[in-house]
Amino acid sequence: MFVHLSAFYSYRSLPFCRFFLQIEEEEGGDSFDIHISVSDPEKVGDGMNAYMAYKVTTKTSVALFRQRDFSVKRRFSDFLGLHSKLASKYLHIGYIVPPAPEKSIVGMTKVKVGKEDQSSNEFVERRRSALERYDEGQATAMLSSYKHLKLKLILLPRAVNTQALSSAGILRMVNKAAEAVNKMTIKMNESDAWFEEKQQHFENLDAQLRKLHASVECLVCHRKELSVNTAQFAKSAAMLGNSEDHTALSRALSQLAEVEEKIDQLHQDQANADFYLFSELLGDYVRLISAVKGVFDQRMKTWQKWQDSQMLLQKKREAEAKLQFTNKPDKLQQTKDEIKELEGRVQQGERDFEQISKTIRKEVSRFEKDRVKDFKMSIVKYLESLVQTQQQLIKYWEAFLPEAKAIS
Amino acid sequence: MSSFDENNKERLRSVSVDLNNDASLLIDIPDALCERDKVKFTVHTKTTLSSFQKPEFSVPRQHEDFIWLHDTLVETEDYAGLIIPPAPPKPDFESPREKMHKLGEGEATMTKEEYTKMKQELEAEYLAVFKKTVQVHEVFLQRLSSHPVLSKDRNFQIFLEYDQDLSVRRKNAKEMFGGFFKNMVKSADEVLIAGVKEVDDFFEQEKTFLLDYFSKIKEATAKAEKMTRSHKNIADDYIRLSATLNSLSAEESTNYYIIKFCLKLFQNFLRVCLKKVEGRVASDEELKLTELLRYYMRDIQAAKDLLYRRARALADYENSNKALDKARLKGKDVSQAEEHQKRCLQKFDTLSESGKKELTNFKARRVVAFRKNLVEMAELEVKHAKNNMTLLQGCIELLSGN
């Protein structure tokens, strides 16, 4: 049984963990509310076969679900499995599937082996919050775009077999990533300015978000340093207070040491907030933007496919024309058949391309509305954490003031 | 390069407290000029004492002049029983200068925003160092002027009044004393102080206390400095963050929402970190604490020096006793030895008497200074936190109300 550190409880109870989403369907104006939380990490099994199970709790008024309030136990690979299923079904037709939370072999091994130290606790907490954000992301994505059975997949109380991320599965995901990296060398004749503009916009956003993320990671690091230095100073102030022979001053110095100790704890908490509320958020959005870029790339691929079939058709037609002058009726018929097939393919290609373009437009505008709202709410939560810290500081220093004044 | 005038200077509260409310000799440093490494202070004196030629006058002085004054006071036998105020430390612009250099090198990798902000930040740091050094030199002179014995010192008067370059006089003085006393003090003070058998309870207590307190305050100063540096790093991070947010908001985007909230976030961070910057220059809380500790660390060293001198005097006295005994045995130069012994005893007694007074005063002064600075620091912390809170809450309202 896992031992929970109280520090992490404070994060579970923070409002950010309980997002209440109200998503409006663009066409219908229906509002779906769904409220998901991931909690209670529990170690199941022993040794290398052990895994962490998380409780996924859903509260919803969406008619799709048979119940309003239910929870299931899922493990991390379930989430990955879900992502790979969704990605394979929806990515190529233009839906922005939120990227899967990151898998870390090292962290997981530590947990399996039972190392219940600070870093493995942190790892579990990180993962739990990542899964929660992921789930929220999934829910938004799916609810507002396609009220499908897929939704049932994740949230039904029945244990659904989406687990066991096979080696094939991992390989597929790696390949997908590699594909994205081997940057598109496709030159597309963009007839639609909207796409060009949006693509550029997302490129820039990506660059800026990465920079922001890096800065925030720096901030987290420095705040942790500050906490350590404050703790050290508190100790030295206490020693100074002990050495001081003037009674009132000695007491005041000891009080100062206590205040600084409390402030050290504040800095630690703030560093955690910096991390969980801000840094991880940015990290998620960086990955999300990559997914968006991926969707644009998919469109290009679709276009390419269409163009390829068109070129092939053209070639076949030329071949047909040539064959007209030769006396090879069989070959001619074969070519005619092939042309028919290719014509069909070209038409399909065009339809696919138009469909994906349409879907992307919808997805992007949904993204811009919902994600931005979501991002803004998270930032507000972070700012609230900063406010909390300031409030505590005021309390501590105001308590110290009379002690300092009492020195005579 | 950068000058510093009355309007500009915020009356920085000094870490040292004047227990003597005597207005007969008022000294301050209203102006200072910084050229490369050299800082030129304008020392301004206002006096009602007849020993000075004019009632009000100003002279330009360099850091080395202050050191000269301090050293001559230390080396004056008559002042052996006094705590000589610690010499002001050399103006140290190394840190901001190094950072400025690094900033110049990294200019290509930053946006214009970021560069300007960081530059401003560095200039503020530079100014802070400058203000600090002026203050520390001022405090040194003010402590001298408030001391009943030291304020009457001839060299002190020369320092205040002599309207020509002191460097010539400085050279002569160095040749005369040759830094004799200083060298001695540096080598074996702790051992000597610890080794001498103490007859007086008061001094025994003081000795134990000062030795221990010194090491503790040194430690506390070092840790406080580390804390201050961490705060500075965080402020720099905020600057970088706000610059990035600014670029984000400047993004030409058809997405209205992203721009709006980024701008607001940017404004928030900018104001919060601007406050931090302002805070650092004028009245930074942690800096205050660090300054307080650093100053008293030096002051306690000066008190230890007094104990050392007294210990040496005691050693001399004991030696003279032995010499007298030897002389009596031999029957030679007895009266000489008696004279010597009497002188040693006298010296030791005067030292002890004035030393006791000085150390008692020192404690009182230290307690008052600590109180003043701790109170000020706590008040500033509260004020700063309240400001930040208002700013942040305003921002939250703006963002939520969207």
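Residues numbered from 1 in each chain as written. Chains lettered and ligands numbered in written order. Predicted model: local features only at pLDDT ≥ 70, side-chain atom pairs only at ≥ 80, totals over all residues. Heavy atoms only, no water.

Chain B has the name Sorting nexin in an unreviewed UniProt entry, where Oryzias sinensis is given as its organism. What UniProt states about chain B under its Function (unreviewed entry) heading is, verbatim, "Involved in several stages of intracellular trafficking." (UniProt positions renumbered as here; feature names shortened; annotations may be inferred.)

As named in an unreviewed UniProt entry, chain A is Sorting nexin-2, taken from Oryzias sinensis. The Sequence similarities (unreviewed entry) field of the UniProt record for chain A holds the comment "Belongs to the sorting nexin family."

**Structural notes on the overall build of chain A**
A count of helical and extended segments in chain A gives nine helices and four strands. For chain A, the sequential pattern of α-helices and β-strands runs α-β-β-β-β-α-α-α-α-α-α-α-α. Across the 408 residues of chain A, 50% fall into the buried class. Looking at chain A alone, contacts between residues at least 24 apart form 75% of all its contacts between residues at least 6 apart. Summed over all atoms, the accessible surface of chain A reaches about 19,900 Å², with 53% contributed by carbon and sulfur. (Helix = DSSP H or I, 4+ residues; strand = E, 2+ residues; numbered from the N terminus. Buried < 20%, exposed > 50% of the residue type's maximum accessible area, 1.4 Å probe, protein only. Contact = heavy atoms within 4.5 Å. Areas by Shrake-Rupley, 256 points an atom, 1.4 Å probe, with all protein chains shown as cover.)

**Describing the UniProt feature "coiled-coil region" (unreviewed entry) in chain A**
When the UniProt feature table is mapped to this numbering, "coiled-coil region" (unreviewed entry) covers residues 332-359 of chain A. Secondary structure over residues 332-359 of chain A splits into 100% helix and 0% strand, and the C-alpha atoms at its two ends are 40 Å apart.

**Looking at the confidence of the model for chain B**
Residues and elements named next belong to chain B. Within chain B, residue pLDDT values average 79, and 77% of them lie at 70 or more. The model gives residues 1-13 a pLDDT under 50, and that stretch makes 37 contacts with residues more than four places away or in other chains. Two numbers describe this predicted complex: its pTM, 0.74, and its ipTM, 0.82. (pLDDT = per-residue confidence, 0-100.)

**Focus: helix H4 (residues 154-161) of chain B**
Residue and element names in this part refer to chain B. Within H4, six of the eight residues are buried, which leaves the element mostly enclosed by the surrounding structure. Considered for burial, the residues of H4 that qualify are Phe156, Gln157, Ile158, Phe159, Leu160 and Glu161. Regarding H4, its N-cap is Asp153, as a side-chain oxygen of that residue lies 3.0 Å from the backbone nitrogen of Asn155 further along. (Polar contact = N/O pair within 3.5 Å; in protein donor to acceptor, adjacent residues only side chain to side chain.)

**A closer look at the environment of Glu121(B)**
Locating Glu121(B) in the fold gives a position in helix H3 (residues 112-146). When the C-alpha positions of Glu121(B) and Glu77(B) are compared, they lie 47 Å apart, and in sequence the two are 44 residues distant.

**Structural notes on the pairing of strand E4 (residues 56-62) of chain B**
Residue and element names in this part refer to chain B. The alternating pattern of E4 places Phe57, Val59 and Arg61 on a buried face and Glu56, Ser58, Pro60 and Gln62 on a face that is not buried. Inspection of the sheet shows strand E3 (residues 38-47) paired to E4 by seven bridges, in the antiparallel sense. Looking at the pairing, Val43 lines up with Val59 of E4. (Pairing = 2+ DSSP bridges.)

**Section: unusual backbone geometry**
Residue and element names in this part refer to chain B. Positive phi outside glycine occurs at Asp333, with the angle close to 50°. Mapped onto the elements of the fold, Asp333 is located in the loop between helix H9 (285-330) and helix H10 (334-400). Note on Asp333: relative accessible area 47%, which makes it partly exposed.

**A word on the nonpolar core**
Core analysis: the largest hydrophobic core is formed by 103 residues, its most contacted members being Phe233(A), Leu256(A), Trp397(A), Leu293(B), Phe370(B) and Leu374(B). Among the elements of the structure, helix H7 (193-243), helix H8 (247-324) and helix H9 (329-405) of chain A together with helix H7 (201-250), H9 and H10 of chain B are those that each provide at least two residues to this core. Looking at this core element by element, the count peaks at 25 residues for H8(A). Apart from the residues within four sequence positions on either side, Leu293(B) is in contact with Phe233(A), Leu240(A), Ile217(B), Ala220(B), Thr221(B), Ala224(B) and Phe370(B). If you look at the next biggest cluster of nonpolar residues, it comprises 33 residues, including Ala32(B), Phe66(B), Val129(B) and Phe159(B). (Core = buried A, V, L, I, M, F, W, Y, C linked by side-chain atoms within 4.5 Å.)

**Observations concerning the packing of H9(A) against H10(B)**
Where H9(A) contacts H10(B), the axes come no closer than 8 Å and their chain directions differ by 160°. Between H9(A) and H10(B), the angle is such that the two are roughly antiparallel. The two elements H9(A) and H10(B) cross, and the hand of that crossing is left-handed. (Axes fitted to C-alpha atoms, helices over the stretch in contact; angles between N-to-C directions. Parallel < 35°, antiparallel > 145°, perpendicular 65-115°, else oblique. Left-handed = near helix turned anticlockwise from the far one by under 90°.)

**Description of the confidence of the model for chain A**
Residue and element names in this part refer to chain A. Averaged over every residue, the pLDDT of chain A is 73; the share at 70 or more is 64%. In the model of chain A, strand E1 (residues 21-24) stands out as the element of lowest mean pLDDT, 28, in contrast to H7, which has the highest, 90. Residue range residues 142-171 is modelled with pLDDT below 50. Its contacts to residues more than four positions away, or to other chains, number 68 contacts.

**Let's talk about the interface of chain A and chain B**
Each partner contributes to the interface: chain A provides 56 residues, whereas chain B provides 60 residues. Between chain A and chain B lies a buried interface of about 5,500 Å² when both sides are counted; carbon and sulfur atoms form 72% of it. Sorting the residues of chain A by area buried against chain B places Leu240(A), Lys376(A) and Trp397(A) first, and these three jointly supply 11% of that buried surface. Inspection of the chain A/chain B interface yields five salt bridges. For Asp245(A), the salt bridge goes to Lys363(B), with nearest N and O atoms at 2.6 Å. At the boundary of chain A and chain B, one finds 12 residue pairs in polar contact (both at pLDDT 80 or more). Broken down by element, the residue count for the side of chain A that touches chain B peaks at 24 residues, all from H7(A). When grouped by side-chain class, the residues that make up the side of chain A that touches chain B number 28 nonpolar, 15 polar and 13 charged. (Buried area = accessible area lost by both parts, 1.4 Å probe. Salt bridge = Lys/Arg side-chain N within 4 Å of Asp/Glu carboxyl O. Nonpolar A, V, L, I, M, F, W, Y, C, P; charged D, E, K, R; others polar.)

**Notes on the pattern of salt bridges**
Overall, the coordinates contain 31 salt bridges over all chains when judged by the stated rule. When the shortest N-O distance is used, the salt bridge between Glu398(A) and Lys386(B) registers 3.3 Å. Pair noted here: Glu398(A) is in helix H9 and Lys386(B) is in helix H10, and the two residues belong to different chains. Across the pair Lys223(B) and Glu219(B) runs a salt bridge, and its minimum N-O distance is 2.9 Å. Here Glu219(B) and Lys223(B) lie together in helix H7, a separation of four residues that amounts to about one turn. Using a relative accessible area of 17% as the deciding quantity, one classes Lys223(B) as buried.

**Observations regarding the packing of aromatic side chains**
Under the definition given, this model contains 17 aromatic pairs over all chains. Ring pairs connect the aromatic residues Trp194(A), Phe195(A), Phe202(A) and Phe296(A), which therefore count as one cluster. Over the aromatic face of Phe214(B) sits the side chain of Lys304(B), whose NZ or CZ is 3.9 Å from the ring centroid. Over the ring of Phe203(B) we find Arg310(B); its NZ or CZ atom is 3.6 Å from the centre of that ring. (Phe/Tyr/Trp six-rings, centres within 6.5 Å; stacked < 30°, edge-to-face > 60°. Lys NZ or Arg CZ within 6 Å of the ring centre and 35° of its normal.)

**A closer look at the packing of helix H1 (residues 63-75) of chain B against H4(B)**
Residues and elements named next belong to chain B. For the pair H1 and H4, the least separation of the axes is 9 Å and the interaxial angle reads 170°. Taken together, the axes of H1 and H4 are roughly antiparallel relative to one another. Viewed along their axes, H1 and H4 form a crossing whose handedness is left-handed. Contacts between H1 and H4 involve Asp65, Phe66, Trp68, Leu69 and Thr72 from the first element and Asn155, Phe156 and Phe159 from the second.

**With respect to the state of the cysteines**
All chains considered together, the criterion is met by zero disulfides over all chains. Not engaged in a disulfide, the cysteine Cys221(A) finds its nearest cysteine sulfur in Cys218(A); these two sulfurs lie 6.5 Å apart. (Disulfide = S-S within 2.5 Å.)

**Describing the side chain of Ser279(A)**
With respect to the secondary-structure elements, Ser279(A) resides in helix H8. Apart from residues lying up to four places away in sequence, Ser279(A) is in contact with His213(A), Val216(A), Glu217(A), Val220(A) and Asp274(A).

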